[in-house]
Structures are given as C-alpha cells and as structure tokens.
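# Structural overview
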Amino acid sequence: RGRAGQGSAPATPLGTAALALVRISGQDTSRLVTALAGRTPLPRTATHIDYRDVTGQLVDDVMLTYFRGPRSYTGEDAAEVTCHGNPFIAQKILEDLFARGCRPAEPGEFTQRAFLNGRMDLSQAEAVMDLIHARSDRALAAAHDQLRGALGRQMQAVVDELLAALARVEAYIDFPEEDLPAEDRDSVVQQLERVRRETDRLLATRHYGEILRDGIKTVIVGEPNVGKSSLLNRLVGRERALVSAEPGTTRDFIEERIVVGPHCLRLIDTAGLNPLPGALEKLGMERTRERLAEADLVLVVVDGAERPGPLPSAITDQLKTETAIIVLNKSDLSSFSRSASQRSFPPLPHVAVSAVTGSGIDELLNLITAKADSFQHHVGGEQIAVNARHAHALREARAALQRALARLMAEGATELVASDLRTVLAAFGEIVGKVDNERMLDHLFATFCIGK
C-alpha cells in the first residue's frame, strides 16, 4: 500500500512560481506511477505529464519522478509529484492518490521506513529532524555531518574496540578450564580504557549539542538603568524590551533569539542588580542569578559614563574569561571613560558600545562569535554533537564500563565482566538503532513532520 505525504506547501500568494511536492512510497508505487504516466517512467528521471484524476479530469501539469527501491529515500519503490504551489491543486492530487489506494503518511514515516529498510542508522534519522529545525550555519553543518554518518562512524570504531575485548573475555567463558592470564587481563583493561576515553569524548559534546539545537544562552546582566534593555533591542533590531529612565523597568527576564555570524544566540535580558532592591526586584534578581548559573555567555553591561560600583560577589564569582564580556555602554556620551570603567571590574574582555547609536556593536558581535566558536567539538576530526538520548545511552555505557574495569582490576568473575560488556554493547546499539525497541522508535519518529 502506498503512503503519500505533502513534502512542502507554499507560503506565497496564488499566481507566483511556488511549487508543492507530494511524496509517495510503498509496494504499489510502480503500478501507481504507470497509471499516472501511461507507461512506467524511467527511474530517477523527471517526467513531464498531465496529471489526470481517476475520472480523467485534468488537475495540473506536473513533474513525476520515480525511484525504484532500494535506491530511494525509503528503500522502497517511491515517487515524487511536483505540482504548482496552489494549495488547492496539491489537495486535489492528494485526494486522488487516496482514491487510488494511498493513505496519508504518519509523521516521520518516510524517515522511519528508511531506517527500518537499512538506508540510514538511527543517528542519521535523528539528523533529519536537526536539519529541519537548524537555526544557524553551525547547527546546519552539524546536522549535515550527522546525516552523512559522522556519529555512526565514531560509534562503529568504538564498538569494534569493545567487541575485540568482549571476544577475548568470552573465549575464557567458552573454555572454563583456562584462567584469564594476567597479561591478557591487562590487555583487556587497556582496550576498555580506550573505549571509555572515546565514550567520554563523545559525551563531552552533549553541551555543544544543546547549544546547536537550542541556541547559546547569552545572559545580559548589570545594574539598573545601564542600558541592558537598550542593548537587547539594538541586537534584536527592534523595540523588544521597554526602555525607561526609571531604574528597574525589567522585573523579570525577556528572551529573544538572534543569529550572530554562524551561531544562534538566546539573548536573555534580566532584572537589574539593585544594591537596595524592593520585594519585587528581589524576586527578579533571584531569577537573574538562576539564569546566570545556566549561561553559556554573559554580557555584563556597565554604564561607561559613570564610575560604577562593584557587582555583587554572587555575580562576579560566576564570571569567567572564556564566557564573559564586559560591555561598556553609553560610549556616545561626553562623560564616557573606558579606563575608569575597566578598573572597576575583573580582568575580562571589554568592548565599548553605544546601544543608542550602534557604535561598537560590530566589535561586540565579533567578540561573541569568537567565544561561540570555542564551543565546537570535534571527535576524530569530525564535528560531533550528541543529543539527550545519545548522552543517556553513553552514560549507561560508561557506568557499565567502569563496573567491568573494576571487576577486572579485582580479578572478579569473567562471566560478570562479560555481562557488563554486553550491557555496554546494548547501550551503544541504542545510539545507532541496532537494538530493537519499537516503542522508542514510534515515539521518536512521531515528532517528525508530515512528508518526512
């Protein structure tokens, strides 16, 4: 039975050059495209045809492309109908396909079929969703790398090393009259240590994965009325936050996403750090400290036209050279003094800006980009960024590896070591989908959009 899904729908007015694409996959696809074209089209070649419904009425002139399995996205016979972008035309084609025996595709069903038919591993299937939701050049590049099997290749190398160690251990289980000699035990330990190191390297990319998928948490902090909200508005490019000469205008935090160079930033404007806060301001400042603890980057905004007092130690203790920038605002005022402001704060990178005129903003964005670039993770020369599910499996694998190593060091039972290593293997298998877990797969692919 065929599955049909609308791969794209136009967001432009009727009469423009927008196109829509309807994708079909299933065992009856060959019969279906033959009926539509009047002949079996040449595989992987776009064919211009008049699309007529089952009653013979002309619906549209379309491009029909037939893909013979397994050389298709799903691994099955598949086809794509490219029609004019009028939603009415696309809907008429879908209705006709349903009348011919197709059914609507479930969310993510095409990618799920590709996985089940061996066209991609599970990490590649997840990369399709990352590709769809990428918000920056870096996120897009990482999704492309994973779609091309970067994580799968890294996992295969780790699994090969683990299997070599497991084969040695299980050889002694098959021949119980032999004890595991000390030199062989040491060799297995060395192999497992290499597996653990690679596991830790992959696990270390978890935070970078969060940054790529959600954006770099960039928290704007400072005393009241130093221009935090004005800076947010300047960076966003519109009046997102209320700006007033009255201190303490921002009582809660405001969040916006922007793209800076190849990165996506989650800008978070926080309540001012008032030395003598009121009850409501205290709540806002507590939320500021919470946001600061979670921050990837911190922009400390300072009024460069006045000599500022010291920031609370609860704030300065969390500022690091790698992730914090002092933004000396109000450089357009005659009373601005860069040197006086710099002496009041820790030895962090400083940049002078004017949130009103935009002076210095390019320099600030370049500094943010440089710091954001340092978050990248490469494993074996490839850009890797594991997600939450991968990280959970890797942590399970690491825990089992540590148990196996502890047993080997203590000369424990070989059978228990082998059991631990099989647990590691199962955890690794969950990453690329070698372990059958139907409920997990159904949940995963249900988050995909129709047509993928």
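So, here is what we can say about the structure in this document. Positions within a chain are numbered from 1, following the residues in the order the chain's sequence is written. The predicted nature of this model means local features are confined to residues of pLDDT at least 70 and side-chain atom pairs, given and counted, to a pLDDT of 80 or more, with totals for whole chains, interfaces and linings taken over all residues. Side-chain measures here rest on the full set of heavy atoms in the structure, leaving out hydrogens and waters.

## Quick look at helix 9 (residues 228-236)
Condition: Each residue's exposure class comes from its accessible area (1.4 Å probe, protein chains only) as a fraction of the maximum for that residue type: buried when under 20%, exposed when over 50%, partly exposed otherwise. In DSSP terms, a helix is any run of H or I states spanning at least four residues, a strand is any run of E spanning at least two, and both are numbered starting from the N terminus. The contact rule is simple, with two residues in contact once any of their heavy atoms fall within 4.5 Å.
Among the nine residues that make up helix 9, seven are buried, leaving the element largely enclosed by the rest of the structure. Among the residues making up helix 9, those that are buried are K228, S229, L231, L232, N233, L235 and V236. Where helix 9 is buried, its residues contact strand 7 (216-221), strand 8 (254-260), strand 9 (263-269), strand 10 (297-303), strand 11 (324-329) and helix 13 (361-373). Just downstream of helix 9 lies G237, where phi reads positive at about 90°.

## What to know about the pairing of strand 2 (residues 19-25)
Put simply, the rule reads: The rule for pairing is simple: two strands pair if DSSP sees at least two bridges between them.
Across the seven residues of strand 2, five count as buried, placing the element largely inside the fold. For strand 2 and strand 5 (residues 78-84), the ladder comprises seven bridges, and the chain directions are antiparallel. If you follow V22 over to strand 5, its bridge partner there is V81.

## Considerations on the packing of helix 14 (residues 388-409) against helix 15 (residues 414-432)
Definition in use: Lines fitted to C-alpha atoms define the axes here, with helix axes fitted over just the stretch in contact, and angles between the N-to-C directions of these axes take values from 0 to 180 degrees. Any angle from 65 to 115 degrees is called roughly perpendicular, while one under 35 is roughly parallel, one over 145 is roughly antiparallel, and all others are oblique. It is the rotation of the near helix from the far one that decides the hand of a crossing: anticlockwise by less than a right angle makes it left-handed, clockwise makes it right-handed. Put simply, Ala, Val, Leu, Ile, Met, Phe, Trp, Tyr, Cys and Pro go in the nonpolar bin, Asp, Glu, Lys and Arg in the charged bin, and everything else, Gly too, in the polar bin.
Look at helix 14 against helix 15: their axes get within 8 Å of each other, and the N-to-C directions meet at 165°. In terms of their interaxial angle, helix 14 and helix 15 are classed as roughly antiparallel. With respect to the hand of their crossing, helix 14 and helix 15 are arranged in left-handed fashion. On helix 15, the residues that touch R389, H390, A393, L394, E396, A397, A400, L401, R403, A404, R407 and L408 of helix 14 are L416, V417, D420, L421, T423, V424, A427, F428, E430 and I431. Here the residues of the contact of helix 14 with helix 15 sort into 14 nonpolar, two polar and six charged.

## Examining the environment of H48
Here H48 is to be found in strand 3 (residues 46-52). With relative accessibility at 52%, the residue H48 sits in the exposed group. C-alpha separation for the pair H48 and T82, spaced 34 residues apart in sequence, amounts to 9.6 Å. Residues contacting H48, with those up to four places away along its chain left out, are D61, V62 and M63.

## Focus on helix 4 (residues 122-133)
Heads up, the rule is: Between the first and last residue of a helix there are one fewer steps than residues, each counted as 1.5 Å, and that sum is the expected span.
Spanning twelve residues, helix 4 covers 17 Å between terminal C-alpha atoms, matching the ideal 16 Å at 1.5 Å per step. Of all twelve residues in helix 4, nine are buried, a share of seventy percent or more. Residues of helix 4 that are buried: L122, S123, Q124, A125, E126, A127, V128, M129 and D130.

## Here we look at the environment of I384
Mapped onto the elements of the fold, I384 is located in the loop between strand 14 (382-383) and helix 14. Judged by relative accessible area, which is 2%, I384 ranks as buried. Taking the C-alpha atoms as reference points, I384 and T205, 179 residues apart in sequence, are found 6.5 Å from one another. When residues no more than four places from it in sequence are discounted, the contact partners of I384 are A150, L151, Q154, L202, T205, Y208, H377 and V379.

## As for the side chain of D96
Note the threshold: Here a polar contact is recorded for every N or O atom pair within 3.5 Å, except that within protein the pair must consist of a potential hydrogen donor and a potential acceptor, and residues adjacent in sequence are included only if both atoms are side-chain atoms.
Summarising the element assignment, D96 is placed in helix 2 (residues 87-99). Separated by 2.6 Å, the side chains of D96 and Y51 make a polar contact. Those residues within four positions of D96 in sequence are excluded, and the remaining contacts are L36, Y51, R52, D53 and V54.

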